[in-house]
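Overview (structure and organization)
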Amino acid sequence: MPTLHNELYGAMVLSSRAHAKIVSIDTSAALAHPGVKAYYGHKDVPGNNVWGAAMFDDEEIFASEEVHCVGQIIGVIVADSQVIAQEAARKVKIEYIDLPHVVTIDEAIAADSFIPLTKSIVKGDVDAKCAKVFEGQTRLGGQEQFYLETQVVLVNNKGESEFEIYASTQNANETQAVVASVLGLSANKIACKVKRLGGGFGGKESRTIPLACIMSIASYHTKRPVRCMLDRNEDMAISGQRNPFMGKWKVGLDENNKLVALDTELYLNAGWSSDLSVAVMERALGHIDNVYYIPNVRAVGRCCRTNIHSNTAFRGFGGPQANVIAETYMTEIAERIGMSQEQFREMNFYKEGQTTHFNQELKDWHLPKGYFQLKEKSNFDARKAAIEEFNKQSKWRKRGISLIPTKYGISFTALHLNQAGAMIHIYHDGSVLLSHGGVEMGQGLHTKMIQVCAEGLQIPLDMIHIVETSTDKVANASPTAASASSDMNGMAVKDACDQINERLEAYRAKGLSWKEIVHHAYFDRVNLSANGFYKVPDLGYKWGENKGQLFFYFTMGAAVSEVEVDLLTGSHTVIRSDVNMDLGRSINPSIDIGQIEGAFIQGMGWSTTEESLYFPNGRLFTQGPGNYKIPGFQCIPQEFNISFFEDVTHESVKTVYKSKGVGEPPLFLGTSVYFAIRNALWYARQENGHPGSFSLSLPATPERIRMAVGDSIAESSKLEAKQGE
Ligand code: MTE
Ligand code: LUZ
Ligand code: MOS
């Protein structure tokens, strides 16, 4: 956006300590810097200095007495330009007294440092009799969202206590609400507007809000527009990442190797504040079964409070983390009982009509069908045999293959968020201005909403325009998240179309063109605007009671990946990946294929090359693209095939045009690359005298792969790799 008249820039003053008492703040040198207008801290907050993204208000906008992580915001320097503001911000001198801190999940457990809300799902009796019992532990790391556009906010103080906020947020409504609270104003004075995002991936579901509040405070006091766009290092250090997880599991089988019981404790690293972490844990608990029927389950989830940036939503939101833990216990148990991976999975698949551990009946359960379609299409059995042959011939290069399924529950686990609104204005020339509650972040939501509107009003796509998402067009919108935005906003758009169609019915009956209809209706004084609304029906899960529906439906799919691993360097190449998914009746297959590809690559990056590391003092080590490796072009599978389930019904799916949410569900399937790498390592270990099962923490970086080969070189240089949490 072009610079506004009189615009200022805000640069944050950040904590350099993981946990400390603030003794003094000296801003004199910073304020003496030419071009600097002001410094604002916690004493300058006109309203409430405390907020929270979900269940707890446990975050200060500006740290007052104590800091809880490196990068926590203490104050803001406002200046004429970005360079001046950043330079001056570095001149603010802060004295601290250090306090004890924890960085990892293990340290938090040892220090008993948890967010005080433990969630659990219990069904049946986990102490039921089992023929065999297996135990293990799975660890997986965080992930930086790495949207191309970093967090950015521009606040315009319009006078008369009115503020306009342009923010890179997936959550305009909550931005409006929290800014109002922080400024001590009512929500009707604050408008938050979003044109589009250069990617969000969950990282802008809540973590843009503090930035919006701070720029609003600066704009409030200076009475001028204030902007801030984090640079990449700042963004990575302070705006939070995917929650790392650790899962302890104990799994019981009957004498025929059917799953009988799962007893599991999940831990996530929340960082310094609760943010969305408890909701992430709820979703994780609901995905710990993946696609397997387990009659007796006890799943307990605890969120560790640590002294790192506050971790947050990232595409999948705890679902992929739980699915990884599930597929790890499936993989390791298959190895321990000496059964083929595929056979052990297939015999434990849910069947139509069975209920999950959260007591939801599976309807239109086509996972087994789609899985077998993929197995056949990808020529799985023949390729597996060919890999065995290849591996017999090749000592230092091994190939591996995996076939990994998933199901993903669509709905916000927080009931109230499952609502959406839309607004349609038809102008006298027949053109339509469409607004809905969702944000466009590259996922194609606006395109789909225009399609729904065009279908609803029976007019061409090019007569409809969406300008932006704005809290003054659609109020109380939920975040654009949980892959539910097409479903929910689509229904709200359809509702608005239905209202208008009812009013225009008489004109349509006359066989008039659209322009004529609108023209006549206008002169007859017919209301040509409509406000659509939708609430997702049937939901209402009760935690603790384990009753009521948690998800509206499930999106499901499976992936096959084949890799070749260089055992000497630990590097790998993805030879081929195939994905087969059930997306109902897709509104836009091109967009959906793009979503599957993008999510898959992100899941692949998370489970292979992307590793967040911290110094023991709590500072993020992997703070830029130089030492945090997202997938590049050469990482993409050399052959990459996407398809949809064939020949399946969607009787129970009550969404708009029976389409299904797609944004997050395929992400987990990217870990099929990790499981293929693990499979290649299994062959290597057999040869190197380490038959049987083994654990491989995620991500499978070259270092971890190399050390897992089990050859004499690796054995003689064994150093425990530091965990990614
Ligand atoms: N695709 C692109 N290109 N950019 C994004 O930021 N975010 C993902 C997914 N696909 C994202 C994306 C996430 S985290 C979610 S929840 C969904 O899109 C949200 O949009 P939807 O509800 O319209 O699917
Ligand atoms: N956000 C949220 C989400 O607040 N609740 C959810 O259940 C959710 N699920 C996926 C992604 N974001
Ligand atoms: Mo997506 S993690 O629900 O923004």
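What counts, and at which threshold
Residues numbered from 1 in each chain as written. Chains lettered and ligands numbered in written order. Predicted model: local features only at pLDDT ≥ 70, side-chain atom pairs only at ≥ 80, totals over all residues. Heavy atoms only, no water. Helix = DSSP H or I, 4+ residues; strand = E, 2+ residues; numbered from the N terminus. Rg over C-alpha atoms; globule rule 2.2 N^0.38 Å. Buried < 20%, exposed > 50% of the residue type's maximum accessible area, 1.4 Å probe, protein only. Near = heavy atom within 4 Å. Polar contact = N/O pair within 3.5 Å; in protein donor to acceptor, adjacent residues only side chain to side chain. Areas by Shrake-Rupley, 256 points an atom, 1.4 Å probe, with all protein chains shown as cover. Nonpolar A, V, L, I, M, F, W, Y, C, P; charged D, E, K, R; others polar. Contact = heavy atoms within 4.5 Å. Phe/Tyr/Trp six-rings, centres within 6.5 Å; stacked < 30°, edge-to-face > 60°. Lys NZ or Arg CZ within 6 Å of the ring centre and 35° of its normal. Pairing = 2+ DSSP bridges. Axes fitted to C-alpha atoms, helices over the stretch in contact; angles between N-to-C directions. Patch = residues over 30% accessible without salt bridge, like charges linked within 9 Å, V, L, I, M, F, W, Y side chains within 5 Å. Salt bridge = Lys/Arg side-chain N within 4 Å of Asp/Glu carboxyl O. Domains from an automatic or database assignment. Buried area = accessible area lost by both parts, 1.4 Å probe. Parallel < 35°, antiparallel > 145°, perpendicular 65-115°, else oblique. Left-handed = near helix turned anticlockwise from the far one by under 90°.

1. So, the overall build of the protein
A count of helices and strands for the protein gives 18 helices and 26 strands. Against the 2.2 N^0.38 benchmark of 27 Å for 725 residues, the protein shows a C-alpha radius of gyration of 27 Å, consistent with a compact globule. The C-alpha extent of the protein, read off along each of the three principal axes, is 75 × 75 × 50 Å. In the protein, which comprises 725 residues, the proportion classed as buried is 62%.

2. So, the site of ligand 2
Around ligand 2, the structure places Glu205, Arg283, Phe317, Tyr408, Phe412, Thr413, Leu417, Ala481, Ala482 and Glu664. Within the contact set of ligand 2, a nitrogen atom lies 3.0 Å away from a side-chain nitrogen or oxygen of Arg283. For ligand 2, an oxygen atom lies 3.0 Å from a polar atom in the backbone of Thr413. Contact with the protein chains removes 97% of the 290 Å² of surface that ligand 2 exposes when unbound. Tallied by class, residues from the shell around ligand 2 come to six nonpolar, one polar and three charged.

3. Observations regarding the side chain of Lys193
Looking at the element boundaries, Lys193 is found in strand β13 (residues 190-194). Leave out the neighbours within four places in its chain, and Lys193 touches Glu164, Ile165, Tyr166, Ala167, Glu468, Thr469, Ser470 and Asp472.

4. Looking at the site of ligand 1
By nearness alone, 17 residues border ligand 1, and Gly200, Phe201, Met441, Ser485 and Gln595 come closest of all. Taking Met441, its main chain carries an N or O atom lying 2.8 Å from a nitrogen atom of ligand 1. Side-chain polar atom of Gln443 to an oxygen atom of ligand 1: 3.1 Å apart, as the coordinates give it. When isolated, ligand 1 has an accessible area of 520 Å², and the protein chains bury 92% of it.

5. Digging into the packing of aromatic side chains
Across all of its chains, the model carries 19 aromatic pairs by this definition. For the pair Tyr541 and Trp543, a centre-to-centre distance of 5.0 Å together with 90° between the ring planes defines the contact as edge-to-face. Residue Trp543 is classed as partly exposed on the basis of its relative accessible area, which comes to 22%. Every member of this aromatic cluster is reached through a ring pair, and the members are Tyr292, Phe349, Tyr371 and Phe372. A cation over an aromatic ring shows up here: Lys204 above the ring of Tyr147, its NZ or CZ 4.3 Å from the ring centre. Seen from the ring of Trp606, Arg242 lies directly overhead, with NZ or CZ sitting 4.6 Å from the centre.

6. Focus: the sheet that holds strand β18 (residues 397-410)
Taken in spatial order, the four strands line up as β18-β24-β25-β26 in an open sheet, and their pairing is mixed. Strands at the two margins of the open sheet, each flanked by one partner only, are β18 and β26 (639-644). Adjacent strand axes in the sheet meet at a mean angle of 10°, parallel and antiparallel pairs treated alike. On the sheet, helix α15 (residues 589-607) packs against β24 (553-566), β25 (572-582) and β26 and is oriented at approximately 130° with respect to β26.

7. Topic: the sheet that holds strand β9 (residues 119-123)
The five strands lie next to each other as β9-β17-β16-β15-β10, forming an open sheet whose pairing is mixed. A strand with exactly one partner marks an edge of an open sheet, and here the two such strands are β9 and β10 (132-140). Within this sheet the neighbouring strands show an average axis-to-axis angle of 10°, counted without direction.

8. Describing a nonpolar patch on the surface
A surface patch of nonpolar side chains, amounting to about 270 Å² of accessible area, comprises Trp396, Leu568 and Ile713. Looking at the secondary structure, you find Leu568 in the loop between β24 and β25. For Leu568, a relative accessible area of 43% puts it in the partly exposed group.

9. Here's the deal with the domain arrangement of the protein
For the protein, the assigned domains are domain 1 (8-100 + 145-238), domain 2 (245-412 + 549-716) and domain 3 (419-535). Using C-alpha coordinates to define each centre, domain 1 is positioned 35 Å away from domain 3. With 18 residues of domain 1 at the contact, the number on the domain 3 side is 16 residues. Carbon and sulfur atoms supply 49% of the area that domain 1 and domain 3 bury against each other, a total of about 1,300 Å² over both sides. For the domain 1 face of the interface with domain 3, the top three residues by lost area are Gln170, Asn173 and Lys195, together amounting to 36%. Linking domain 1 with domain 3 are two salt bridges, by the criterion used here. Remark: the boundary between domain 1 and domain 3 carries six residue pairs in polar contact (both at pLDDT 80 or more). Of all elements in the fold, only α4 (172-183) and β13 reach the threshold of two or more residues within the side of domain 1 that touches domain 3.

10. Quick word on the packing of α4 against helix α5 (residues 209-222)
The geometry of α4 relative to α5 is characterised by a closest axis approach of 9 Å and an angle of 45° between their N-to-C directions. As the angle between them shows, α4 and α5 are arranged oblique. Between α4 and α5 lies a crossing of right-handed hand. Side by side, α4 and α5 meet where Glu174, Thr175, Val178, Val179, Val182 and Leu183 of the first sit next to Ile209, Ala212, Cys213, Ser216, Ile217 and Tyr220 of the second. For the contact of α4 with α5, the residue count by class is nine nonpolar, two polar and one charged.

11. Looking at the packing of helix α12 (residues 445-457) against helix α13 (residues 485-509)
Packing of α12 against α13 brings their axes to within 8 Å, and their N-to-C directions diverge by 25°. Accordingly, the angle class assigned to the pair α12 and α13 is roughly parallel. At the point where α12 passes α13, the crossing takes the right-handed sense. Residues Leu445, Lys448, Met449, Val452, Cys453, Gly456 and Leu457 of α12 pack against Ser485, Ser486, Asn489, Gly490, Val493, Lys494, Cys497, Ile500, Asn501 and Arg508 of α13. Here the contact of α12 with α13 is built from residues that sort into eight nonpolar, six polar and three charged.

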